[in-house]
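Structure at a glance
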Amino acid sequence: MPSLKAEILAVLFAAGRPVSLKELRALGHPEEAILRALKALEADLKEGHLGVALERVAGGWRLLVHPEALPAVERVLKPSPPRLSKAALEVLALIAYHQPVARAELEAMRGKSVEGVLESLLERDLVRVVGEKEAPGRPKLYGTTERFLEVFGLESLEDLPPLEDGPPLLLRG
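The structure displayed is predicted, hence computed values, not measured ones.

1. Brief notes about the overall build of the chain
When helices and strands are tallied, the chain shows eight helices and five strands. Overall, the chain shows an N-to-C arrangement of helices and strands of α-α-α-β-β-α-α-β-α-α-β-β-α. Over its C-alpha trace the chain gives a radius of gyration of 20 Å, far above what one expects of a compact globule, namely 16 Å for 173 residues. By principal-axis analysis of the C-alpha atoms, the chain measures approximately 60 × 40 × 30 Å. Counting every position in the chain, which comprises 173 residues, the buried fraction comes to 32%. In the chain, once contacts between residues fewer than 6 apart in sequence are set aside, the share between residues at least 24 apart is 47%. Carbon and sulfur atoms form 56% of the exposed surface of the chain, whose accessible area is close to 10,900 Å². The chain carries 23 positive and 26 negative side-chain charges, and their two centres are separated by 3 Å.

Written out as structure tokens, the structure is:
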């Protein structure tokens, strides 16, 4: 029978996405034991000898390529990271920092239409409709998704960098 650490590693490998503590409880072990095993697994993988690392992101844990192994992965798989246009990054940042936010509010902040960009972000599952505004016409309100957290390596929205002196330059009109 594999150790709890081995079971967790297998689950994370098979999932290919962040796995929450709630999900890992299905292994039938106490939460404290699961957390200890995760900490031990993270320590085992930290040096990069196995080519993978453990990352806490989007309310769970996932496996990713260790930075030291990236050159080998790039040589063999030649991955091309998903690209977001400057406009998409601008709109995504506005949504991340101002959510929930309506399309008209995004357009007012940006000074340009966001319709096509917003559709693209919805298709990529980086944003979603989170409700309707209590206003005439009941406009949709947009917010970020778990996928957004995964793509940007954030555990939660609290991990977004602070906006100390107003929005970054790319967010100014």
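Once the structure has been displayed, the description carries forward.
2. With respect to the pairing of strand S5 (residues 140-144)
Successive side chains on a regular strand alternate, one facing one side of the sheet and the next facing the other. Burial runs high along S5: four of the five residues are buried. Summarising the sheet, strand S3 (residues 101-102) and S5 pair through two bridges and their orientation is antiparallel. Counterpart to valine 101 in the pairing with S5 is tyrosine 142. With five bridges connecting them, strand S4 (residues 127-132) and S5 associate as antiparallel partners. Across the sheet, the residue bridging to glycine 131 is leucine 141, located in S5.

3. Let's talk about the packing of helix H1 (residues 4-15) against helix H3 (residues 31-46)
In the contact formed by H1 and H3, the axes pass within 9 Å of each other and the chain directions differ by 75°. The pairing of H1 with H3 is recorded here as roughly perpendicular in orientation. Mapping the contact onto sequence places Leu4, Lys5, Ile8, Leu9 and Leu12 in H1 and Ala33, Ile34, Ala37, Leu38, Ala40, Leu41 and Asp44 in H3. Taken together, the residues that form the contact of H1 with H3 break down as ten nonpolar, no polar and two charged.

Rules used throughout
Residues numbered from 1 in each chain as written. Predicted model: local features only at pLDDT ≥ 70, side-chain atom pairs only at ≥ 80, totals over all residues. Heavy atoms only, no water. Helix = DSSP H or I, 4+ residues; strand = E, 2+ residues; numbered from the N terminus. Rg over C-alpha atoms; globule rule 2.2 N^0.38 Å. Buried < 20%, exposed > 50% of the residue type's maximum accessible area, 1.4 Å probe, protein only. Contact = heavy atoms within 4.5 Å. Areas by Shrake-Rupley, 256 points an atom, 1.4 Å probe, with all protein chains shown as cover. Lys, Arg positive; Asp, Glu negative; His and termini not counted. Charge placed at Lys NZ, Arg CZ, Asp CG, Glu CD. Pairing = 2+ DSSP bridges. Axes fitted to C-alpha atoms, helices over the stretch in contact; angles between N-to-C directions. Parallel < 35°, antiparallel > 145°, perpendicular 65-115°, else oblique. Nonpolar A, V, L, I, M, F, W, Y, C, P; charged D, E, K, R; others polar.

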